[in-house]
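# A closer look at the structure
What follows is each chain in one-letter form.
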Protein chains: 2
Amino acid sequence: MNRQELIDLIYSRRSFLCVGLDVDKNKMPAHLKDEPDGVFLFNKAIIDATIDYAVAYKPNLAFYEAMGIEGLVQLKKTMDYLHSLSKPAFTIADAKRGDIGNTSQQYAKAFLDPAGDFNFDSLTVAPYMGADSVQPFTVFEGKWVILLALTSNKGAFDFQFLPVGNEQKLFEKVLQTAQQWGTPDNMMFVVGATKADMLTQVRAVAPRNFLLVPGVGAQGGSLEEVCKYGLTDECGLLVNSSRGIIYASNGADFAERAAEEARKLQQQMAAVL
Amino acid sequence: MNRQELIDLIYSRRSFLCVGLDVDKNKMPAHLKDEPDGVFLFNKAIIDATIDYAVAYKPNLAFYEAMGIEGLVQLKKTMDYLHSLSKPAFTIADAKRGDIGNTSQQYAKAFLDPAGDFNFDSLTVAPYMGADSVQPFTVFEGKWVILLALTSNKGAFDFQFLPVGNEQKLFEKVLQTAQQWGTPDNMMFVVGATKADMLTQVRAVAPRNFLLVPGVGAQGGSLEEVCKYGLTDECGLLVNSSRGIIYASNGADFAERAAEEARKLQQQMAAVL
């Protein structure tokens, strides 16, 4: 999905909500836990319940890998289902990859290649290894790299805020340097909602890039704050909620409750668009 | 495998060689390329040919993921084979993972859990997200996190050498801060052989940690330099070679040629131990 298609989707659905598919069997409804294909059936129900309110889905690879090879089979079924729908959605492999150039090429193939098992629109990537670890993700037409800039966790304070000269912090240096590696048409940045007051600094360096904003909900970030400092005249935001939507209930009504939570966020988003 | 077992293995095999299993079908011998289980059979032949000269094997996850789910099946068969051997070897998932705490826990489960599909001894992790992204990998007894400090690629110069105050560079700050997250019994660091002259600075901050050193061979690093600056009285090094060993030949003699290349490195290593 290219930039214009994403923007059109956001304005037609009046939403910039991303639903994080962080499926943990321990938190799934009892009737699906031991079902063959239970993870896929859970995801399918969540997708069906939320697709009118969300523009993006973000499976977190760790949760699927923790289930072993079978987890990746469930992920493939989920992606096949998303690709089969008449209602489009932007897909994000939340995988935090990144390695030397020849290896990042392989990760790009694994996640973004239209001929591969998953065919995601985008992939999250860590910046520590620099240019050649990031650029291989920008070569697929209409596909995106989403580079970590400022993350939503406590550990973000260990390195991301370090001053690196010229009154710049490391995350600002990452944003600035990465401008040479991609464009607003193929590069987004992760900026945690728990650090929404930093969005002014982020927008100073990356005025047009889409930002993927995790941390609303369970991690305590505020949607209002994120919009105040991060919204652009092309929206420019994808705001993720995972646990707050998919585990709104762990009973038989989990999909209905997920729909309610997604709709609440969509209505707030419609109001600011 | 715990620290003492690893040290004993190194001195009994008189080697600190790690063989990187970066299997690319395009570089495999023709007779294995289209074979079912060809990737596993290739790895098995490489392992059989090199296990007397090597103490560790490092599958690079990207190369398996690029083959889709089938690639991970081949990886599982490779790990099952390594676990079945009477000759022990230290295993490294070169996966460059790392995410917020609850997600890193899932990655730890995916790769290190003895009950999981892979049961690696260790996993490479990127430091950008800080403490809670790294610590979940230190909880399994006898298992290790291998944190990126100074990588072997050109992109290492984008951020890793940035001055972060007190005349310290970012990679030194990573090494120093990480001392609070793990011990020499459960934490190693990646330090690229292409930057061997930096090993003095690394050893000043991390005198006892094992270092995983990629970049010897194809990437141009020198084993002699690495030993000169990195060796400790408990060895303290695992030196990786991937392409130089596994693709020494792409003919029917690939395993023999791999053995030769591994033996050459082992003999150099025996001489310095």
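For the structure itself, consult the block above.
A brief report on the enclosed structure follows. Quantities reported herein were computed from a predicted structural model and do not represent experimental measurements. Residues take numbers from 1 onward in each chain, read along the sequence in its written order. Written order decides the labels, with chains lettered from A and ligands numbered from 1. Totals for whole chains, interfaces and linings use all residues, but because this is a predicted model, local features are given only for residues with pLDDT of at least 70 and pairs of side-chain atoms are given and counted only at 80 or more. Note: side-chain values were computed over all heavy atoms of the structure, leaving out hydrogens and water.

## Considerations on the packing of helix α3 (residues 38-50) of chain A against helix α5 (residues 69-84) of chain A
Residues and elements named next belong to chain A. Cut-off, in case you're wondering: Every axis in this analysis is a line fitted to C-alpha atoms, fitted for helices over the stretch in contact. Angles between the N-to-C directions lie between 0 and 180 degrees. What counts as a helix is a DSSP run of H or I of at least four residues, what counts as a strand is a run of E of at least two, and both are numbered from the N terminus. Roughly parallel means an angle under 35 degrees; roughly antiparallel means over 145; roughly perpendicular covers 65 to 115; every other angle is labelled oblique. Here a crossing is called left-handed whenever its near helix is offset anticlockwise from the far helix by less than a right angle, and right-handed whenever the offset is clockwise. The contact criterion used is simple: two residues touch if any of their non-hydrogen atoms lie within 4.5 Å. Note on residue categories: nonpolar means Ala, Val, Leu, Ile, Met, Phe, Trp, Tyr, Cys or Pro, charged means Asp, Glu, Lys or Arg, and polar means any other residue, Gly included.
Where α3 meets α5, the axes come as close as 8 Å, and the angle between the chain directions of the two elements is 30 degrees. Between α3 and α5, the angle is such that the two are roughly parallel. Remark: the crossing between α3 and α5 carries right-handed chirality. From α3, G38, V39, F40, N43, K44, I47 and D48 reach across to α5, where they touch Q74, K77, T78, Y81 and L82. Each residue belonging to the contact of α3 with α5 can be placed in one class, and the counts come to five nonpolar, four polar and three charged.

## What about the nonpolar core?
How we decide: Side-chain atoms within 4.5 Å are what join buried Ala, Val, Leu, Ile, Met, Phe, Trp, Tyr and Cys residues into a set we call a nonpolar core. Accessible area is worked out with a 1.4 Å probe on protein chains only. A residue is then buried under 20% of its type maximum, exposed over 50%, and partly exposed in between.
Grouped together as the largest cluster of nonpolar side chains are 210 residues, with contacts concentrated most on A:F111, A:L238, B:F111 and B:L238. Not counting residues within four places of it along the chain, the set of residues in contact with A:F111 comprises A:L61, A:A93, A:A95, A:R97, A:F118, A:N119, A:F120, A:L123 and B:E65.

## A few points about helix α6 (residues 101-112) of chain A
Residue and element names in this part refer to chain A. Where we set the bar: The length a helix should cover is 1.5 Å for every residue beyond the first.
With 12 residues, α6 ought to run about 16 Å at 1.5 Å a step, and its terminal C-alpha atoms sit 16 Å apart, in line with that. Of all 12 residues that make up α6, nine are buried, and the element is covered over most of its length. The complete set of buried residues in α6 reads G101, T103, S104, Q106, Y107, A108, A110, F111 and L112.

## What to know about unusual backbone geometry
All names here are of chain B. One non-glycine residue with positive phi stands out, namely D37, at about 65 degrees. You can see D37 is positioned in the loop between α2 (30-33) and α3 (38-50). We classify D37 as partly exposed; its relative accessible area is 26%. If you check the backbone angles, K96 has positive phi at about 50 degrees while not being a glycine. Checked against the element boundaries, K96 lands in strand β3 (residues 90-97).

## A few points about the sheet that holds strand β2 (residues 56-59) of chain A
Residue and element names in this part refer to chain A. The line we're drawing: Note on pairing: two strands pair once DSSP finds at least 2 bridges between them.
With parallel pairing, the eight strands of this closed barrel are ordered in space as β1-β2-β3-β4-β5-β6-β7-β8. When the angles between neighbouring strand axes are averaged without regard to direction, this sheet yields 30 degrees. Pairing of strand β3 (residues 90-97) with strand β4 (residues 122-125), which is carried by three bridges, proceeds in the parallel orientation. Each bridged residue has a counterpart across the sheet, and for A93 the counterpart in β4 is L123. Here α5 sits on the sheet and contacts β1 (17-21), β2 and β3; the angle it forms with β2, its principal contact strand, is near 170 degrees.

## Comments concerning helix α11 (residues 223-230) of chain A
Residue and element names in this part refer to chain A. Operational definition: Note that the arc is computed from the directions linking the helix axis to the C-beta atoms. Definition of a polar contact: a pair of N or O atoms within 3.5 Å, with one able to donate and the other able to accept a hydrogen when the atoms are protein atoms, and with sequence-neighbouring residues admitted only if both atoms are side-chain atoms.
All of the buried residues along α11 are L223, V226, C227 and G230. Viewed end-on, α11 has its buried residues packed into an arc of 95 degrees, placing them on one side of the element. Opposite its buried face, α11 presents the exposed residues E224 and K228, each directed more than 90 degrees away. Of the surrounding secondary structure, the elements contacted by the buried residues of α11 are α10 (199-205), β7 (211-213), β8 (237-241) and α13 (254-272). With a side-chain oxygen positioned 3.3 Å from the backbone nitrogen of E224, the residue opening α11 is S222.

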